[in-house]
Amino acid sequence: MTEHDTRPASSLPGRRARRGAAALAAALLLSLTAVPASAAVRADTRTAGTADAADAARHARGALLSTTPLFELTSGRLKEFLTADGVDASAVRHKITAHRIVYATVTPAGEPTTASALLVLPDGGGKRLATVSELHGTTAYRGYAPSTGDNVSVLGASLYASGGRAAVAPDYLGLGTGPGTHPYVDTRSSVSASLDALRAARTAARGHGRRLTGEVYVTGFSQGGQVAMALGRELARGADRRFRLRALAPVAGPYDIEGAELPALFDGRIRGVSGVFYLTYFLVAQNRLHPLYDDPREVFRAPYADRVEALFDNDHPDDEIVRQLPGTVEELLTDQWYERLQHPSGTLAEVIRLNDGVCEWAPRVPVRLHTSGGDRDVPVANTGGCLRDLARHGAYAEVVHHGDADHSGTYRRAIAHNARWFARLD
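Residues numbered from 1 in each chain as written. Predicted model: local features only at pLDDT ≥ 70, side-chain atom pairs only at ≥ 80, totals over all residues. Heavy atoms only, no water.

> I'd love a proper account of the overall build of the chain, names of residues and values included.
When helices and strands are tallied, the chain shows 15 helices and 9 strands. Within the chain, buried positions represent 62% of all 426 residues. Carbon and sulfur atoms make up 50% of the accessible area of the chain, which amounts to about 15800 Å² in all. (Helix = DSSP H or I, 4+ residues; strand = E, 2+ residues; numbered from the N terminus. Buried < 20%, exposed > 50% of the residue type's maximum accessible area, 1.4 Å probe, protein only. Areas by Shrake-Rupley, 256 points an atom, 1.4 Å probe, with all protein chains shown as cover.)

Right, dumping it as structure tokens:
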């Protein structure tokens, strides 16, 4: 391609996956019912980020700083929304209530900061609830995080909670109401923020008369699939004795950037527009953490070199970003970096390997890996590599193949499958 991608915004990365969530979010606003004012400790707005960061410095990791009610939804209405979006709603059982929680956590450098998350609770299911950690996929816009916008993870979190569990969907660092920029594909900080979200959710649930038992079902989509495997590993290692990993069910995760994702980027298995978006986001975000380049012009061709760092400040919607990027990796990268990314070395190779290897351990809980042959964002080779890594460590995982579904279609099929599976594991 020699011109910018001209497909409608609904076909662009992330936006395709958010269509159903956008409809659900709009309908939820219409369905909003009153929640006691005492539940809102402090309104969560981006302007409060600085004050929250100061609060975080005085609180332990995972300390709950605020809770804001978002919506309530009957089981009947949730079934309607899920069914209209092509999701099997047979696992829906209960009315749900959703809340935004803001909590203390740490930056990649270990400095105090804050993050936000979506907490969804069932109206039924008893006073003691297991928890589903629902980890979202790639978005470059803080307003598209689960607790602040039309993120597709709202569908999964709502479905899982309606089955009788608490669902916690972290926004990650720099997204939602969190200050700063998102350290995209910095697996370590995404795990720490997700673990702290579980801690904060325990406190928030008590404020609603519920107790989280500590049994955690971990799942996630795309970027969140990779984070899910890494979070599961930390829970299994005893990162917090209050939590016990119960099952793992990641969906279409890029578990092998070096061996699967990068080769697919250059041989056409990943759609051009998706590959350009993911790769640019990765390089810009990682350069804020590690010295990949001194000047964007070393990596990106004109005119993109002058705009990429501003575009990925997490204040620009994904479709707006894509309109200002080229349609192919060849148009995006300088000759030097086009070659370097096909044969990573030095700091680049170190950065990639820091975030690979999330499947190199032995879960002692049931594991299901979701994938599909029609996925042009995270090719099936990632799942094959994860399966082999687990097997080398003596662990068995079942692969759930969703046929020719595309990336977002894989998620929609997977969440229905997971909801039924989690119910059988109880």
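> Could you give me a rundown of the nonpolar core, with the residues and numbers involved?
Ile101, Tyr103, Val218, Met229, Leu235, Leu369 and Leu390 are the most contacted members of the largest nonpolar core, which totals 44 residues. Other than its neighbours up to four places away in sequence, Met229 contacts Leu248, Pro250, Tyr255, Val358, Cys359, Trp361, Leu369, Cys386 and Leu390. (Core = buried A, V, L, I, M, F, W, Y, C linked by side-chain atoms within 4.5 Å. Contact = heavy atoms within 4.5 Å.)

> Any details on helix H4 (residues 153-162)? Residues and values, ideally.
Among the 10 residues of H4, 10 are classified as buried, and the element is accordingly described as predominantly covered. Turning to H4, its buried residues are Ser153, Val154, Leu155, Gly156, Ala157, Ser158, Leu159, Tyr160, Ala161 and Ser162. Backbone geometry just after H4 places Gly164 at a positive phi near 110 degrees.

> I'd like to hear about the packing of aromatic side chains, residue by residue, with values.
Tallied over the entire structure, the rule returns 12 aromatic pairs. Where Tyr141 meets Tyr144, the ring centres are 4.8 Å apart and the plane angle is 85 degrees; that geometry is what we call edge-to-face. Accessibility expressed as a relative area gives 23% for Tyr141, which makes it partly exposed. Relative to Tyr281, the ring of Phe277 lies with its centre 6.2 Å away and its plane at 65 degrees, an arrangement referred to as edge-to-face. A residue pair is termed a helical-turn pair when its members lie 3 or 4 positions apart in one helix, as Phe277 and Tyr281 do in helix H8 (residues 272-287) at 4 residues. (Phe/Tyr/Trp six-rings, centres within 6.5 Å; stacked < 30°, edge-to-face > 60°.)

> Go over a positive patch on the surface with me, naming the residues and quoting the values.
On the surface, Arg128, Arg206, Arg211 and Arg244 cluster together into a patch of positive charge. For Arg206, the position within the fold is in helix H5 (residues 187-206). (Patch = residues over 30% accessible without salt bridge, like charges linked within 9 Å, V, L, I, M, F, W, Y side chains within 5 Å. Salt bridge = Lys/Arg side-chain N within 4 Å of Asp/Glu carboxyl O. Lys, Arg positive; Asp, Glu negative; His and termini not counted. Charge placed at Lys NZ, Arg CZ, Asp CG, Glu CD.)

> Can you tell me about the pairing of strand S3 (residues 112-122), naming the residues and giving the values?
Burial within S3 is extensive, with 10 of its 11 residues counted as buried. In the sheet, strand S2 (residues 96-106) pairs with S3 via 11 bridges, with the strands oriented antiparallel. Within S3, the residue paired with Ala104 across the bridge is Thr114. Strand direction decides the pairing type here: S3 and strand S5 (residues 166-170), joined by 4 bridges, are antiparallel. When the sheet's bridge partners are listed, Leu118 is paired in S5 with Ala169. (Pairing = 2+ DSSP bridges.)

> Quick one: what's the story with the state of the cysteines, residue by residue and with numbers?
Considering all chains together, one arrives at 1 disulfide under this definition. With its sulfur 2.0 Å from that of its partner, Cys359 forms a disulfide with Cys386. The chirality of the disulfide connecting Cys359 with Cys386 is left-handed, given an S-S dihedral of about -95 degrees. Note that Cys359 is positioned in the loop between helix H13 (346-355) and strand S8 (368-371) and Cys386 in helix H14 (residues 381-392), a separation of 27 residues in sequence. Classification of Cys359 by relative accessible area gives buried; the value is 1%. (Disulfide = S-S within 2.5 Å.)

> Break down the packing of H8 against H13 for me, with residues and values.
Relative orientation of the contacting elements H8 and H13 amounts to 100 degrees, with a least axis distance of 12 Å. Classified by the angle between their axes, H8 and H13 sit roughly perpendicular to one another. Of the residues in H13, those touching H8 at Phe282, Leu283 and Gln286 are Leu348, Val351, Ile352 and Asn355. Grouping the amino acids of the contact of H8 with H13 by side-chain chemistry returns 5 nonpolar, 2 polar and no charged. (Axes fitted to C-alpha atoms, helices over the stretch in contact; angles between N-to-C directions. Parallel < 35°, antiparallel > 145°, perpendicular 65-115°, else oblique. Nonpolar A, V, L, I, M, F, W, Y, C, P; charged D, E, K, R; others polar.)

> Describe H14, naming the residues involved and giving the relevant values.
Here H14 is 12 residues long and its end C-alpha atoms lie 17 Å apart, about the 16 Å a rise of 1.5 Å per residue gives. Considered for burial, the residues of H14 that qualify are Asn382, Thr383, Gly385, Cys386, Asp389 and Leu390. Take H14 and look down its axis: the buried residues cluster within an arc of 160 degrees, on one side only. The exposed residues of H14 that point more than 90 degrees off its buried face are Arg388 and Arg392. In this structure, the buried residues of H14 make contact with helix H6 (223-236), helix H7 (257-267), S8 and strand S9 (398-401). Positive phi appears at Gly394, one or two residues downstream of H14, with a value of about 85 degrees. (Expected span 1.5 Å × (residues − 1). Arc of directions from axis to C-beta.)

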